[in-house]
Number of protein chains: 2
Amino acid sequence: MAGVQLSGLALAVTRAGGLGSLPAAMLAPQSLQAEVAKLFADGRKPVNVNFFCHEPPAVDREREVRWVQSLQAYYDAFGLIAPAVGGPAARQPFSDSHADVIEPYAPPVVSFHFGLPRDALMRRVRSWGARILSSATTVAEARWLEEHGVDAIIAQGLEAGGHRGHFLSDDLSLQSGTFALLPQIVAAVKVPVIAAGGIADAHGVWAAMALGASAVQVGTAYLLCPEAETTAVHRAALQGPAASHTALTNVFSGRPARGIVNRAMRDLGPLSPHAPAFPLAANAIAPLRKHAEAMGSGDFTPMWAGQNTSGCREVPAGELTRELVRLI
Amino acid sequence: MAGVQLSGLALAVTRAGGLGSLPAAMLAPQSLQAEVAKLFADGRKPVNVNFFCHEPPAVDREREVRWVQSLQAYYDAFGLIAPAVGGPAARQPFSDSHADVIEPYAPPVVSFHFGLPRDALMRRVRSWGARILSSATTVAEARWLEEHGVDAIIAQGLEAGGHRGHFLSDDLSLQSGTFALLPQIVAAVKVPVIAAGGIADAHGVWAAMALGASAVQVGTAYLLCPEAETTAVHRAALQGPAASHTALTNVFSGRPARGIVNRAMRDLGPLSPHAPAFPLAANAIAPLRKHAEAMGSGDFTPMWAGQNTSGCREVPAGELTRELVRLI
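Attention in this report is confined to the structure presented alongside it.

Take the relation of the copies chain A and chain B next. Superposing chain A onto chain B takes a rotation of 180° plus a shift of 0.0 Å along the axis, which leaves an RMSD of 0.0 Å. On this basis, the relationship between the two copies can be described by a two-fold rotation axis. In terms of C-alpha distance to the rotation axis, chain A has Ala207 of chain A as its closest residue, with the C-alpha 2.1 Å off the axis. In this assembly, 100% of the residues forming the interface of chain A have copies in chain B that are likewise at the interface, indicating an isologous arrangement.

What follows concerns unusual backbone geometry. All names here are of chain A. In this chain, Gly269 is followed by Pro270 through a cis amide linkage whose omega measures 5°. Position of Pro270 among the secondary structure elements: in the loop between helix H11 (263–268) and helix H12 (282–294). Positive phi is not limited to glycine here, since Phe114 has a value of about 80°. Within the fold, Phe114 resides in the loop between strand S3 (109–113) and helix H6 (119–127). By relative accessible area, Phe114 is classed as buried at 5%.

What follows covers the side chain of His113 of chain A. All names here are of chain A. One can find His113 in strand S3. Exposure remark for His113: the relative accessible area of 10% places this residue in the buried category. For His113, the residues in contact, after removing those within four places along its chain, are Asn50, Phe51, Phe52, Cys53, Ser134, Ser135, Gln156, His163, Arg164 and Gly165.

Residue-level contacts link 29 residues of chain A with 29 residues of chain B. Interface area lost by chain A to chain B is led by Phe179, Ala210 and Gln307 of chain A, which between them contribute 30%. Summed over the shared surface of chain A and chain B, the number is zero salt bridges. Seen at the junction of chain A and chain B, the total is ten residue pairs in polar contact (both at pLDDT 80 or more). Where the side of chain A that touches chain B is concerned, the elements lending two or more residues are helix H8 (178–188), helix H9 (202–210) and strand S9 (246–249) of chain A. When the residues that make up the side of chain A that touches chain B are grouped by side-chain class, the tally is eleven nonpolar, 16 polar and two charged.

Looking at where Ala25 of chain A falls in the secondary structure, it is placed in the loop between strand S1 (20–23) and helix H2 (29–39). Each C-alpha atom, one on Ala25 of chain A and one on Gln92 of chain A, is 6.1 Å from the other, the two residues being 67 residues apart in sequence.

Residue and element names in this part refer to chain A. Contact geometry of helix H1 (residues 7–15) with H2 gives a least axis separation of 9 Å together with a crossing angle of 20°. Relative to H2, the element H1 lies roughly parallel. For the element pair H1 and H2, the recorded crossing hand is right-handed. In this structure, H1 contributes Ser7, Ala10 and Leu11 to the contact, and H2 contributes Glu35, Lys38 and Leu39.

Strand order in the open sheet formed by three strands is S6-S10-S9 (chain A), with antiparallel pairing between adjacent strands. Looking along the sheet, the strands with just one partner apiece sit at the ends: strand S6 (162–163) and S9 of chain A.

Turning our attention to the packing of helix H7 (residues 139–147) of chain B against helix H8 (residues 178–188) of chain B. Residues and elements named next belong to chain B. Relative to each other, H7 and H8 sit at 35°, their axes nearing to 9 Å. In this structure, H7 crosses over H8, and the sense of that crossing is right-handed. Residues Val139, Ala142, Arg143 and Glu146 of H7 touch H8, and the partners they reach there are Leu181, Gln184, Ile185 and Ala188. Looking at the contact of H7 with H8 residue by residue, the classes come out as five nonpolar, one polar and two charged.

Let us now look at H2 of chain A. All names here are of chain A. Every buried residue belonging to H2 is among Leu32, Glu35, Val36 and Leu39, and all of these are buried. Taken down its axis, H2 places every buried residue within 95° of arc, on the same side. Elements in contact with the buried residues of H2: H1, S1, strand S2 (47–52) and helix H5 (96–102).

This part covers the sheet that holds S1 of chain A. Residues and elements named next belong to chain A. The sheet built from seven strands is open, its strands ordered S1-S2-S3-S4-S5-S7-S8 with parallel pairing. Taken across any chain shown, the strands that pair with only one partner, and hence form the sheet edges, are S1 and strand S8 (215–217). Neighbouring strand axes in the sheet, compared pairwise and without regard to direction, differ in orientation by 25° on average. Across four bridges, strand S5 (residues 152–156) lies against strand S7 (residues 193–196) in parallel orientation.

Quick notes on the rules
Every residue gets a number counted from 1 within its own chain, in the order that chain's sequence is written. Chains and ligands are labelled sequentially in the order written, the chains with letters from A and the ligands with numbers from 1. Only residues with pLDDT of at least 70 get local features here, since the model is predicted, and only at 80 or more are side-chain atom pairs given and counted; chain-wide, interface and lining totals rely on the full set of residues. Based on all heavy atoms of the structure, the side-chain values leave hydrogens and waters out of the count. Copy-to-copy alignment: least squares on C-alpha atoms, limited to residues at pLDDT 70 or above in both. What makes two residues a contact is simply this: any of their non-hydrogen atoms within 4.5 Å. A run of H or I in DSSP counts as a helix once it spans at least four residues, and a run of E counts as a strand once it spans at least two, with each numbered from the N terminus. With a 1.4 Å probe rolled over the protein chains alone, any residue whose accessible area is under 20% of its type maximum counts as buried; one over 50% counts as exposed, and the rest are partly exposed. In short, buried area is how much 1.4 Å probe accessible area vanishes from two parts on joining, totalled over both. When a carboxyl oxygen of Asp or Glu is within 4 Å of a side-chain nitrogen of Lys or Arg, the pair counts as a salt bridge. Two N or O atoms form a polar contact when they lie within 3.5 Å of each other; inside protein one atom must be a possible hydrogen donor and the other a possible acceptor, and for residues adjacent in sequence the pair counts only when both atoms belong to side chains. Three residue categories are used. Nonpolar comprises Ala, Val, Leu, Ile, Met, Phe, Trp, Tyr, Cys and Pro, charged comprises Asp, Glu, Lys and Arg, and polar comprises the others, including Gly. A fitted line through C-alpha atoms represents every axis, and for helices the fit uses only the stretch in contact; the resulting angles, taken between N-to-C directions, go from 0 to 180 degrees. Working definition: roughly parallel below 35 degrees, roughly antiparallel above 145 degrees, roughly perpendicular at 65 to 115 degrees, and oblique for all remaining angles. Crossing handedness follows the turn of the near helix against the far one: under a right angle anticlockwise gives a left-handed crossing, and clockwise gives a right-handed one. When DSSP finds two or more bridges between two strands, those strands count as paired. The directions from the helix axis to the C-beta atoms are what the arc is built from.

Next comes the structure, spelled out in structure tokens:
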């Protein structure tokens, strides 16, 4: 949920009895510091801090130049100067600098997306007693995560919004819907499995438990909560007919992520062979997004959402959390 | 399940208390006659006869010639003569000739794939009191089917094996996993909803009911039953590591269908822009399939399977049926 929530939503979920989660992938060290300070302002809470742990890509200047060039018509139409290539990536992988910021607060749960960080970093996170989670999109990834010592596995079904967490293969056809993936991961590993993807309401939570989940991870349903930082264009899309059509796209970041289909996805992808490696594709889109959003348009905004937006409600996150668990 | 089962499997399921189903899409009138005769040999039973109801495509001779040419290297390698283009399609849409065959037996349930047949045919099926089912892969298709008078809707999640049943749009990104699709269809229509896709065992059945299904449709789990006509190469694939990787492919028929990834899918697709329109792509593959199967290879066999083959067991279909419903 990087980009659509900060500590406010996480705290609201935790106060209602859930495990709130702070997505740190897009937070610079100072912002991360400010958010974890709020998260742990009144003591150690059951809360999770989530990081990406991708390998930073080798910069392919030519590819980036071509990507910017392919967007030139939009810059021209909006009266914008094309951005220089080679800018810093908005998404940074988990590193010692991140660990320096969170270690004093000793978050009890730390989760990763795109595999796990290197051994030294894993040991550092373990050193303050944190439980470690990561996402699997296939049975093979679940087995790999278990072998590498995670405490629980998030089974990320193909319905889930945002970035796919795959890390052993880029072949999207290896990935399954929640209904197929979840029970097969439950059968393959001994650690608890957290279901993600398509879970929108109390019946979804109940069904996930019936398939063997020990817990569920719900994202999309919280996007309209007042505590979320979801942009106005994203909120509007979630409440309109556009929400019924999501797709996996790499045009916003360079990696496949599920979002509501919009102009950028239609024109450039949804999966483009020309997008620079993750996370470098984002830089060229950023000025277009900013310009379009200022005009009230979500044409260039990544509007991450899962395939089941029926649970999105404009209610406080605590109320939504209690509602989600009412049948279990 | 056209091609992998006949009346034997359907009867075994019905005798165990399920609604057995005879897939008629690939049966010539004489074979259909023989199978329905067996199905209803001792009276009217709760059994379903399933038909495809696609629009037969305009023949594009040039496209078919190019498709055959693209397979020439395989014919050469196997010492085969390339088949003539323009042969009859192995899959025929539901027609008055089919209705002539089944009407005397008055099957109590008739289901369709790819929408519904024309009004006159619908009225004919209704005339003997049959209940009519059809598959929806989106909420829009479910609403359309309800408006056109079906008695129940099969919500076909993206996990399901075999042909996708879409009929309003060819855009596969509109289709969702079962966990997302099922509850949204349940919320959108008043008729009962039958869940399909990824349901492999009793927990899957329970979870589908938790998501609002009135019933479930299970296919893949029956493929190893002794009553199924599943080929030896298909059975072997289902029991090996290959079963964990399925994909949607159009190389066997011209329409996307989910099967275990094999050489034909890897070499030619899995989704090829060159495949002739459904069902004409099948003719060019047929001799390769026959040759390869005779050598014990499934390289050119459509080995339809869903994304969850964990429920496939070599047990009688009646036993499997009772096992599937043990939690409800």
